[in-house]
Amino acid sequence: MAYQGKGMPGHVHNYRPVQGPSGGQPNTQVPRTVPGPPPRTVPGQQPRSHPTSADVRTKSVLKEAVDAVVNSFAKHTHGYGRVNVVEALQEFWQMKSSRGADFKNGALVVYESQPSASPPYVCYVTLPGGSCFGSFQKCPTKAEARRSAAKIALMNSVFNEHPSRKITDEFVEKAIGDATKSFKGAPGEIDNPNTGIGAFRFMLESNKSKSMLEFQELMTVFQLLHWNGSLKAMRERSCTRQEVLAHYSNRTLDDDMRSQMALDWISREQETPGIISRELSMAEQELESCRAAGRELRFPKEKKDILMLACSQLGPMTASMC
């Protein structure tokens, strides 16, 4: 999972490109497969069971995803081994949409360049499911920053098609078991939607068949609600976790939600001067750490954007301290 706060368990494993021998560009070449010797038959050994139809279908889906990327690489190669990863990434998500994937905001991949007058330039890319990645290299141009962000996002998109990344009954049970051990929860909390672990289970079961990248926006919404103090405020108003989950499960992370959270932080700044500056500094450090490591970073990026919005609405003297 991607949750990094204390109220909701979870962790996301991201694919990060391997640096080349000289520590430069990541090695994205697919190694050639060398055929090995045929498997030996051992007397008395039990024969292997035949793959089930579900196994065959799963492998077929994964192969289709990999083939789509490989074919896209071939189509967008423009000499000198260069690959147009920006176009390849967009085609990948359009392929998923055409095959039935449901995205709240369509299949468009969105890029955002960080304002800068000089290199190194930074670019972020948000995928249709809500996940966000940033350029992980020191980029001398804005175009190179966009390609760097697209490259790490494309690799994670392909990795995300692996069966282990799908939310299934087995995935839910394992995730809940790990969360219960990590948070030392009581067994009875698992089936109680008014507990943190119970709410986590409710979210996962409501999103079965989705992949973790497709589940990311909902996770980010609840991460922000916890960070912003909104979940605590709703509990104080006697709202159950299940009611909160049902309400926000269909909400998108939009400007209205960001504006409301920014107003909450403006109120806190008036009560505790300097709190926005401190939170912003921590969010920026977390964002930079995730970006440089090639990790998914939607949560720290949204925190930074909300706090910057709050700063812009404060008076000139206070805003200058952000």
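In case you missed it, the structure is sitting above this.
Residues numbered from 1 in each chain as written. Predicted model: local features only at pLDDT ≥ 70, side-chain atom pairs only at ≥ 80, totals over all residues. Heavy atoms only, no water.

K.L.:
How do you make sense of the overall build of the protein when you look at a structure like this?
P.N.:
A count of helices and strands for the protein gives 12 helices and 3 strands. Among the 322 residues that make up the protein, the fraction classed as buried is 42%. Taking all contacts inside the protein whose residues are at least 6 apart in sequence as the whole, residues at least 24 apart take part in 62%. Entry remark: accessible area of the protein is about 18400 Å², with carbon and sulfur atoms responsible for 54%. (Helix = DSSP H or I, 4+ residues; strand = E, 2+ residues; numbered from the N terminus. Buried < 20%, exposed > 50% of the residue type's maximum accessible area, 1.4 Å probe, protein only. Contact = heavy atoms within 4.5 Å. Areas by Shrake-Rupley, 256 points an atom, 1.4 Å probe, with all protein chains shown as cover.)

K.L.:
So what exactly am I meant to see when it comes to helix 6 (residues 216-228) here?
P.N.:
Every α-helical turn comprises 3.6 residues, leaving residues that sit three or four positions apart pointing alike. For helix 6, built from 13 residues, the straight-helix expectation of 18 Å at 1.5 Å per residue is met to within 8% by its first-to-last C-alpha distance of 18 Å. Counting buried positions along helix 6 gives 12 out of 13 residues, so the element sits mostly inside the fold. Taken together, the buried positions of helix 6 are occupied by Gln 216, Glu 217, Leu 218, Met 219, Thr 220, Val 221, Phe 222, Gln 223, Leu 224, Leu 225, Trp 227 and Asn 228. Among the residues trailing helix 6, Gly 229 stands out with phi positive, at a value near 85°. (Expected span 1.5 Å × (residues − 1).)

K.L.:
Looking at this structure, I do not really get the packing of helix 9 (residues 255-271) against helix 10 (residues 275-293). What am I missing?
P.N.:
Describing two packed helices takes the angle between their axes plus the distance from one axis to the other. One way to put it is that helix 9 packs onto helix 10 with a least axis distance of 8 Å and a crossing angle of 125°. Judged on the interaxial angle alone, helix 10 and helix 9 are oblique. Contacts between helix 9 and helix 10 involve Trp 265, Ile 266, Arg 268 and Glu 269 from the first element and Ile 275, Ile 276 and Glu 279 from the second. (Axes fitted to C-alpha atoms, helices over the stretch in contact; angles between N-to-C directions. Parallel < 35°, antiparallel > 145°, perpendicular 65-115°, else oblique.)

K.L.:
Is there a simple way to think about unusual backbone geometry in this case?
P.N.:
Geometrically, the link from Pro 119 to Pro 120 is a cis peptide bond, its omega value of 0° lying close to zero. Within the element layout of this structure, Pro 120 appears in the loop between strand 1 (110-113) and strand 2 (123-126). A positive phi angle, close to 85°, is found at Ser 209, a residue other than glycine. Given a relative accessible area of 60%, Ser 209 falls into the exposed group. Positive phi values are uncommon outside glycine, yet Ser 238 reaches one of about 65°. You can see Ser 238 is positioned in the loop between helix 7 (230-236) and helix 8 (241-248).

K.L.:
In this structure, what is going on with the environment of Ser 157? I would like to understand it.
P.N.:
Inspection of the secondary structure puts Ser 157 in helix 3 (residues 142-159). Residues Ser 157 and Leu 213, spaced 56 residues apart in sequence, show a C-alpha to C-alpha distance of 7.7 Å. If we ignore the near neighbours within four places in the chain, the residues touching Ser 157 are Leu 89, Phe 92, Trp 93, Leu 127 and Leu 213.

K.L.:
Even after reading the chapter, I still don't get the sheet that holds strand 2, so can you show me in this structure?
P.N.:
Picture the strands of a sheet paired through backbone hydrogen bonds; they go either parallel or antiparallel. Across the sheet, which stays open at both edges, the 3 strands sit in the order 1-2-3 with antiparallel pairing between neighbours. With partners counted over all chains shown, the strands left at the sheet margins are strand 1 and strand 3 (132-134), one partner each. On average, each strand axis in the sheet is inclined to that of its neighbour by 20°, with strand direction left out of account. Relative to strand 2, strand 1 runs antiparallel, the two sharing 4 bridges. In the sheet register, Ser 113 faces strand 2, and the bridge partner there is Cys 123. (Pairing = 2+ DSSP bridges.)

K.L.:
What is the right way to look at the nonpolar core in this model?
P.N.:
One broad trend across soluble globular proteins is that nonpolar side chains are buried collectively. Judged by nonpolar contacts, the single largest core of 41 residues is most densely connected at Leu 204, Phe 215, Phe 222, Leu 225, Tyr 248, Trp 265 and Ile 276. If you list the elements that add at least two residues to this core, you get helix 4 (169-183), helix 5 (196-205), helix 6, helix 7, helix 8, helix 9, helix 10 and helix 11 (298-312). Looking at which element gives the most residues to this core, the answer is helix 6, with 7 residues. Setting aside residues no more than four positions away along its own chain, Trp 265 makes contact with Trp 227, Asn 228, Ile 275, Ile 276, Glu 279, Ile 306, Leu 307 and Ala 310. Listed in part, the 26 residues of the second largest apolar core include Leu 89, Ala 107, Leu 127 and Val 158. (Core = buried A, V, L, I, M, F, W, Y, C linked by side-chain atoms within 4.5 Å.)

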